[in-house]
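Structural overview
Letter by letter, the chains look like this.
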Amino acid sequence: MQILSLVDDQTVITASGVCRGWRDAIYFGLARLSLSWCSKSMNNLVLSLVPKFVKLQTLILRQDKPQLEDNAVETIAKCCHELQILDLSKSFKLTDHSLYELALGCRDLTKLNISGCSAFSDNALAYLASFCRKLKVLNLCGCVRAASDTALQAIGQYCNQLQSLNLGWCDNVGDVGVTTLAYGCPDLRIVDLCGCVRITDDSVIALATRCPHLRSLGLYYCKNITDRAMYSLAHSKVNNRMWGSVKGGNDEDGLRTLNISQCTALTPSAVQAVCDSFPSLHTCSGRHSLIMSGCLNLTSVHCACAVHAHRAFTTFPHPAH
Amino acid sequence: MSEIDLAVIKPEMMKLYVWLQTSDDSIQQVEQEIAMFCPLICQEIIQKGMGSSKSCAICLPQQVSPAMLSLILDYCRFHQVPGRSNKERKSYDEKFVRIDTERLCELTSAADSLQLKPLVDLTSRALARIIEGKTPEEIRDIFHLPDDLTEEEKLEPLRNITADPRIRLLNRLYAKKRKELKERERLKLYIVLGLAAQFFCFFYQSCQTQVSISSVASIPKMHHQPLTKLNVEVEEEHVDERSVDDLLSFINGNDGDPKGVKTSKNKKKNRRKKEQQKSSSLKEESELNKKEVNGHDIRHQSSEAERISETLYLPYADDDTFSPKVEFDDGDIDDEIDPALKEKIDREVEDFARRLNSDWPERMQELLSSGQERETILFTTDGFLRRHAWSNCIVPYPVNL
């Protein structure tokens, strides 16, 4: 199996037709399978192959053009009970039926990517969340119907181990959903709220105060965000540092990526306060992790190392380096 | 090996050599520093104090033969030296795995049993490169594996893995094989049904002596031949009896043809030549005008019935479902024709062809407007066309009465 883990997925499928020994070893030993290379009839391929690979833990079914249908996901749910990672991105043809089946069949899911699956509803997503309670990574980018406050409340209630959530361009998401999420999922590290135009400072304050491990926050085009949110982020570092000293946390904890592009209501002083609080946030070229494009009034904001570079008398580099 | 592990080693255990026993029970002395590069040997020395003498040699796993141990120790010896650059190590590794597949498999197994991860990774990558892009048959040949999958399991297509041309080709070959098997089954069924139909027709003939049945299916395919010829091309079914392996080797160009690549270039030329040969052979065959089928003489005369039957099925010349290939025995064709009669028939054929070609467009138009009804055509001995009561009845097997 180690040899087959080094070859491409097409070769693995071919190898399963060599002899009985190899076939059984592959059928009962293969843990990861990707069919993203299949440009035509991926649905049929899933229907014929998935029932044989009963020990699958990772299944990647990314598509360029939508091919997957509900019957394929139903087969996955019925056959792959050990599945932990599932990527169904760009499966426009899938309906709520798929999520209901996954909820019942794949309860050990830790990573689920359903970005671009625009047909899913929030009720189906809430149902999935109530069963798949081990979810750690959830990508809902572009799931406009599915990602609503109702669904986020269910996720916050049931998926307490969640670490990464992508809500890009889910414009039905509001403060109620994000706040519930922050309270229910204290282990959140990555939250992408790009294009969630309805959220305000309350969402950011909830995330800042309730999620001490937050590493990455995307607020692109969230025009309602003001300085209040930025100061709460800066202040959260002080609180988290106190907790960190008790728990033995290191100084590298805290925000490493912050995207505030097109957040035109922010002032330089508030953003500078965030930048000073988190040494891992950089405005300097090559290490760009504080993204402020489209905010013309924030050109004066610089990270500590950028300031040091201008000082001739600085002998020691910044601790962040 | 970590410093902690070294600290645990007692002074009496610190020897220059350790004794190792391989799968064939042979015992050999190896430098301890090199041997301890293998985690399994290291554990045996540290935890159990084994290998210090010949009497308490470290028993290596069954997979480790003396030859494999020698290779593994060579690998360890090279990588033990601290001053080597990554480029040197990479170059050595590349050369190291340039061995025959059988030994490479043994080496992988031996390295795995000794928990020597770097070597397992190296050999696994080499084996992966060998496997990649090969068909199941090729993999079986490389690793000398048994061909123990059933025909059904083998012929089960790898559905829709069309991204890979090799698999697409295999699927096509398998599909061909399956089709042949189905055809044989169908042929058996047709023979049974044909006999039943013949009996049925014989029974009907006894009621109406003048009428003889000729179903739609029994009119042979015209094969796009010019109407002047008015001959029926008879083809025998060619069943490919070769195995899938033979077909694959033929496709891959292992059939001893040195011009394997050039053949595709001259495909059009070859096709043209073949067509010319076929047309010349057809001209010769057109001499054989008189055919005797099931005891009835059928002459190519310019009867109205024949003319309609010829034109009626031309639009379906491409459609195999309406034009099965009828097989005749050699005995059915009468070669001995009187020269005078032959000349007369030739004249009649030419005359008929001329007439047929002259009013072809009008008749074609007429056919198209009539909706191209497919009905069973009945011939009487005096040449008149009649339609029968069961005109829409389809005889499942081409029966010639």
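In this text, all values refer to a predicted model and were calculated from it rather than measured experimentally.

**Section: the overall build of chain A**
In terms of helices and strands, chain A carries twelve helices and ten strands. Buried residues in chain A amount to 52% of all 321 residues. In chain A, the share of contacts with a sequence separation of at least 24, taken over all contacts with a separation of at least 6, comes to 77%. Summed over all atoms, the accessible surface of chain A reaches about 13600 Å², with 54% contributed by carbon and sulfur.

**As for the side chain of His79(B)**
Residue and element names in this part refer to chain B. Inspection of the secondary structure puts histidine 79 in helix H4 (residues 66-80). Assessed through its relative accessible area of 13%, histidine 79 is described here as buried. Among the polar contacts made by the side chain of histidine 79, one reaches the side chain of aspartate 93 at a distance of 2.9 Å.

**Let's talk about the packing of aromatic side chains**
Remark: the centre distance and the inter-plane angle together describe each pair of aromatic rings, the angle taken between the planes. Applying the stated rule across the entire model yields nine aromatic pairs over all chains. A ring pair is formed by Trp22(A) and Phe143(B), whose centres lie 5.7 Å apart and whose planes are at 50°; its orientation type is tilted. Residue Trp22(A) is located in helix H2 (residues 20-29), and its partner Phe143(B) is located in helix H8 (residues 136-143); the two belong to separate chains. We classify Phe143(B) as buried; its relative accessible area is 15%. The interplanar angle of 75° and the centroid separation of 5.9 Å between the aromatic rings of Trp169(A) and Tyr220(A) together place this pair among those described as edge-to-face. Residue Trp169(A) is found in the loop between strand E6 (164-166) and helix H8 (175-184), and its partner Tyr220(A) is found in the loop between strand E8 (216-218) and helix H10 (227-247); the two are separated by 51 residues along the sequence. In textbook terms, an aromatic cluster arises when at least three aromatic residues are bridged by ring pairs, as seen for Tyr75(B), Phe78(B), Tyr92(B) and Phe96(B). The ring of Tyr221(A) is capped by Lys223(A), whose NZ or CZ atom sits 4.9 Å from the centre of that ring. Positioned above the aromatic ring of Phe78(B) is the side chain of Arg84(B), whose terminal nitrogen or guanidinium carbon lies 4.0 Å from the ring centre.

**Here's the deal with the interface of chain A and chain B**
On the side of chain B, 30 residues touch chain A, which itself brings 24 residues to the contact. Across the chain A/chain B interface, buried area totals approximately 2300 Å², and carbon plus sulfur atoms make up 62% of it. Inspection of the chain A/chain B interface yields zero salt bridges. Counting every contact that joins chain A to chain B gives three residue pairs in polar contact (both at pLDDT 80 or more). At the level of elements, helix H1 (9-15), H2 and helix H3 (42-49) of chain A are the ones that each hand at least two residues to the side of chain A that touches chain B. Taken together, the residues that form the side of chain A that touches chain B break down as eleven nonpolar, eight polar and five charged.

**Notes on the pairing of strand E1 (residues 17-21) of chain B**
All names here are of chain B. Buried residues dominate E1, accounting for four of its five residues. As paired elements, E1 and strand E2 (residues 27-31) share five bridges and run antiparallel to each other. Within E2, the residue paired with tryptophan 19 across the bridge is glutamine 29. Taken together, E1 and the strand that follows it, E2, pair antiparallel across an intervening segment of five residues, in which aspartate 25 is found at a positive phi of about 70°. By the bridge criterion, two bridges tie E1 to strand E3 (residues 58-59) in an arrangement that is parallel. Each bridged residue has a counterpart across the sheet, and for leucine 20 the counterpart in E3 is isoleucine 58.

**A look at the sheet that holds E2(B)**
Sheet architecture is open: three strands sit in the order E2-E1-E3 (chain B), paired in mixed fashion. Each having just a single partner strand, E2 and E3 of chain B make up the two edges of the open sheet.

**Considering the packing of H8(A) against helix H9 (residues 201-210) of chain A**
Each pair of packed helices can be summarised by the angle the axes make with each other and by the distance between the axes. All names here are of chain A. Close contact between H8 and H9 brings their axes to 8 Å; oriented N to C, the two are set at 0°. One finds that H8 runs roughly parallel with respect to H9. Residue-level contacts link Asp175, Val178, Thr179, Ala182 and Tyr183 of H8 to Asp202, Ser203, Ala206, Leu207 and Arg210 of H9. Of the residues contributing to the contact of H8 with H9, the split by class is five nonpolar, two polar and three charged.

**Describing the confidence of the model for chain B**
Residues and elements named next belong to chain B. Within chain B, residue pLDDT values average 64, and 40% of them lie at 70 or more. Segment residues 210-238 is flagged for pLDDT under 50; beyond a separation of four residues in sequence, or across chains, it makes 78 contacts in the model. With pLDDT under 50 throughout, residues 255-265 is counted as low confidence; its partners more than four residues away or in other chains account for three contacts.

**Overview of the environment of Asp64(A)**
Within the fold, Asp64(A) resides in the loop between strand E2 (58-60) and helix H4 (70-79). Counting along the chain gives 25 residues from Asp64(A) to Ser89(A), while the straight-line C-alpha distance between them is 9.0 Å.

**Here we look at the nonpolar core**
In terms of nonpolar packing, the biggest core is built from 104 residues, with Leu217(A), Leu219(A), Met230(A), Leu258(A) and Ile260(A) touching the most fellow members. For this core, the leading source of residues is helix H6 (residues 122-131) of chain A, giving five residues. Summarising the domain contributions, this core has at least three residues from each of domain 1 (1-30) and domain 2 (41-310) of chain A. Dropping the residues within four chain positions of it, Met230(A) is found in contact with Leu219(A), Ile225(A), Leu258(A), Ile260(A), Leu266(A), Ala270(A), Val271(A) and Val274(A). Formed by 40 residues, the second largest nonpolar core is a distinct cluster that contains Val18(B), Ile58(B), Met68(B) and Leu114(B).

**Topic: the packing of helix H6 (residues 101-113) of chain B against helix H7 (residues 117-131) of chain B**
Residues and elements named next belong to chain B. Their axes nearest at 9 Å, the elements H6 and H7 cross at an angle of 150°. Helix-helix and strand crossings are classified by hand; for H6 and H7 the assignment is left-handed. Here Thr101, Leu104, Cys105, Leu107, Thr108, Ala111 and Asp112 of H6 lie close against H7, whose contacting residues are Leu119, Val120, Thr123, Ser124, Ala126, Leu127 and Ile130.

**Examining helix H5 (residues 86-96) of chain B**
Residues and elements named next belong to chain B. Taken together, the buried positions of H5 are Arg89, Asp93 and Phe96. Across the axial projection of H5, the buried residues extend over an arc of 65°, all falling on one side. In H5, those exposed residues whose orientation departs by more than 90 degrees from the buried face are Lys87, Lys90 and Lys95. Tucked inside the fold, the buried residues of H5 contact H4, H6 and H7.

**Things to note about unusual backbone geometry**
The backbone of Trp169(A) sits at a positive phi, close to 60°, despite the residue not being glycine. Assessed through its relative accessible area of 44%, Trp169(A) is described here as partly exposed. A positive phi angle, close to 50°, is found at His144(B), a residue other than glycine. Note that His144(B) resides in the loop between H8 and helix H9 (151-155). The exposure class of His144(B) is exposed, given its relative accessible area of 59%.

**Some remarks on the side chain of Ser216(A)**
Tracing the sequence through the fold places Ser216(A) in strand E8. Beyond its immediate chain neighbours, meaning those up to four positions away, Ser216(A) contacts Arg189(A), Ile190(A), Val191(A), Leu255(A) and Thr257(A).

**Here's the deal with the pattern of salt bridges**
All names here are of chain A. Summed over all chains, the structure comprises 14 salt bridges over all chains. Note that aspartate 202 is salt-bridged to arginine 228, the shortest N-O span being 3.2 Å. Taken together, the residues span a long stretch of sequence, with aspartate 202 in helix H9 and arginine 228 in helix H10 at a distance of 26 residues. On the accessibility criterion, aspartate 202 (38% relative accessible area) is partly exposed. Given the relative accessible area of 48%, arginine 228 is considered partly exposed. The network of salt bridges with shared partners includes Asp201, Asp202 and Arg228.

About the criteria used
- Residues numbered from 1 in each chain as written.
- Chains lettered and ligands numbered in written order.
- Predicted model: local features only at pLDDT ≥ 70, side-chain atom pairs only at ≥ 80, totals over all residues.
- Heavy atoms only, no water.
- Helix = DSSP H or I, 4+ residues; strand = E, 2+ residues; numbered from the N terminus.
- Buried < 20%, exposed > 50% of the residue type's maximum accessible area, 1.4 Å probe, protein only.
- Contact = heavy atoms within 4.5 Å.
- Areas by Shrake-Rupley, 256 points an atom, 1.4 Å probe, with all protein chains shown as cover.
- Polar contact = N/O pair within 3.5 Å; in protein donor to acceptor, adjacent residues only side chain to side chain.
- Phe/Tyr/Trp six-rings, centres within 6.5 Å; stacked < 30°, edge-to-face > 60°.
- Lys NZ or Arg CZ within 6 Å of the ring centre and 35° of its normal.
- Buried area = accessible area lost by both parts, 1.4 Å probe.
- Salt bridge = Lys/Arg side-chain N within 4 Å of Asp/Glu carboxyl O.
- Nonpolar A, V, L, I, M, F, W, Y, C, P; charged D, E, K, R; others polar.
- Pairing = 2+ DSSP bridges.
- Axes fitted to C-alpha atoms, helices over the stretch in contact; angles between N-to-C directions.
- Parallel < 35°, antiparallel > 145°, perpendicular 65-115°, else oblique.
- pLDDT = per-residue confidence, 0-100.
- Core = buried A, V, L, I, M, F, W, Y, C linked by side-chain atoms within 4.5 Å.
- Domains from an automatic or database assignment.
- Left-handed = near helix turned anticlockwise from the far one by under 90°.
- Arc of directions from axis to C-beta.

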